[in-house]
Amino acid sequence: MGTEHDTDDLKRLAPTLASLPKADPFVVPEGFFERFPHQVQARVAKPAPTALLPVWMKRLALALPLAAALAGAWWLLRAKEAPAPEVAVEIPEAGIDELELLEHPEAFAALAEEGAPLEALAPTSVDLTDDELAVWLENESTDPSELIAEL
Amino acid sequence: MSTMSDAELMALFRKEETRHYAFNLIVRQYQQRLYAFVRRMVTDPDETQDVLQNVFIKAWNGLDRFREDAQLFSWLYRIAHNESISHLKRMRRGLFVSEDSVIDRLTTTLDGSEHFNGDAIQRKLQRAVMTLPTKQRAVFTMKYFEEMKYEEMSRITGTSVGALKASYHIAVKKIEEQLTRAGDQTN
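This structure is a prediction, so every number in the text was calculated from the model and none was measured. Residue indices follow the written sequence of each chain, beginning from 1 at its first position. Here every chain gets a letter starting at A, and every ligand a number starting at 1, in the order they are written. Local features in a predicted model are, by the rule used here, given only for residues with pLDDT of at least 70; side-chain atom pairs are given and counted only at 80 or more, and totals for whole chains, interfaces and linings are based on all residues. Excluded from the side-chain calculation are hydrogens and water; included are all heavy atoms of the structure.

Colleague: Which parts of the structure should I look at to understand the nonpolar core?
Modeller: Considering soluble globular proteins, one finds that nonpolar side chains tend to be buried as a cluster. By size, the foremost hydrophobic cluster in this structure holds 63 residues, and its most contacted members are Leu17(A), Phe23(B) and Phe140(B). Strands here mean DSSP runs of E at least two residues long; helices mean DSSP runs of H or I at least four residues long; both are numbered from the N terminus. In terms of residue count, helix 2 (residues 19–42) of chain B provides more of this core than any other element does, twelve residues in total. Here, two residues are considered to be in contact whenever any of their heavy atoms come within 4.5 Å of each other. Setting aside chain neighbours within four positions, we find Phe140(B) in contact with Leu17(A), Val129(B), Leu132(B), Phe145(B), Tyr168(B), Ala171(B), Val172(B) and Ile175(B). We define a nonpolar core as any set of buried Ala, Val, Leu, Ile, Met, Phe, Trp, Tyr and Cys residues linked to one another through side-chain atoms lying within 4.5 Å. Any residue under 20% of the maximum accessible area for its type is buried, any over 50% is exposed, and the rest in between are partly exposed; the area is computed with a 1.4 Å probe on protein chains only.

Below, the structure is given as structure tokens:
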């Protein structure tokens, strides 16, 4: 409660205010204080509502679909404005010289020197000695009937 | 109605079978003092009822965590103080207006209310109180009408005693100025 010192201060600072009676001019509706405890009891007796989401989660729940919709719209607009460039895949045709090169064992030897293993270049794994390979390459373009005749 | 001590009320509240009974006693014991404060803050009797209900609902939900080294009344008063200020903030946000507009609305409510029976000077005092910013009005109400000590007000508002004294001093000066304004004595 207020002290004498407070009252003196008030008289000195605000004499008009200090002279007013401290009446409560607000009228309380009739029977309010009899009804009110029952109203409060009725509210606390209600089953607790399901756990409410925190405010930030509610805001996030609203903001996320909106952000997704905006991002989608932006992406669609961009896609319409700038059509996707045609991808031109150029497959270089091998020149005749290059194809001929492949028929010579020197070409494989050169590749092998560059570090590429021969096994990786061959379509199947065949164990041949260099001599056998040379014979095979020599005979590759030969008609099989001529080979049979030689035998 | 005979009053019970905080310790007695809390002892009853902690027992499951007397929990509701104890809470009913708490409401009955403190409703009038809290009503007076909230009514002076929000003015309108219906809004006062809503705010006061929210105060006690919050008290019900938080009473388990109430530390018994504090006074139950101060604790309830703190909730009432915060709820009243939140209510006025919500009102301002809801109306999309400034604090001055809220003050205008409160003054109009006061003028048109059949639930106000003060004389001309009382009406003038209340209108002057209404012109104070929300937090300053709370400080003035606690000190002038409720005659609280600054230390208790500090516990309730979470503001330092020095700041409360300064706030009250400014509020008193403003109100005195309005009360003594020439040619406006009886409005």
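Colleague: How do you make sense of the interface of chain A and chain B when you look at a structure like this?
Modeller: One frequently used descriptor of interface size is the decrease in accessible area upon assembly of the parts. Contact residues are listed per partner, giving 31 residues for chain A and 45 residues for chain B. Put simply, buried area is how much 1.4 Å-probe accessible surface two parts lose in total, over both of them, once they are put together. Taken together, the two surfaces of chain A and chain B that pack against each other cover about 3,700 Å², and 64% of this comes from carbon and sulfur. In what follows, salt bridge is the name for a side-chain nitrogen of Lys or Arg lying within 4 Å of a carboxyl oxygen of Asp or Glu. Across the chain A-chain B interface, the total number found is two salt bridges. Its salt-bridge partner being Lys22(A), residue Glu147(B) comes within 3.1 Å of it at the nearest N-O pair. Pairing of N or O atoms within 3.5 Å defines a polar contact, subject to two protein rules: one partner must be a possible hydrogen donor and the other a possible acceptor, and residues neighboring in sequence count only if both atoms are side-chain atoms. Here chain A is connected to chain B by twelve residue pairs in polar contact (both at pLDDT 80 or more). The set of elements that each furnish at least two residues to the side of chain A that touches chain B consists of helix 1 (4–13), helix 2 (15–19) and helix 3 (32–45) of chain A. Tallying contributions element by element places helix 3 of chain A first for the side of chain A that touches chain B, with twelve residues.

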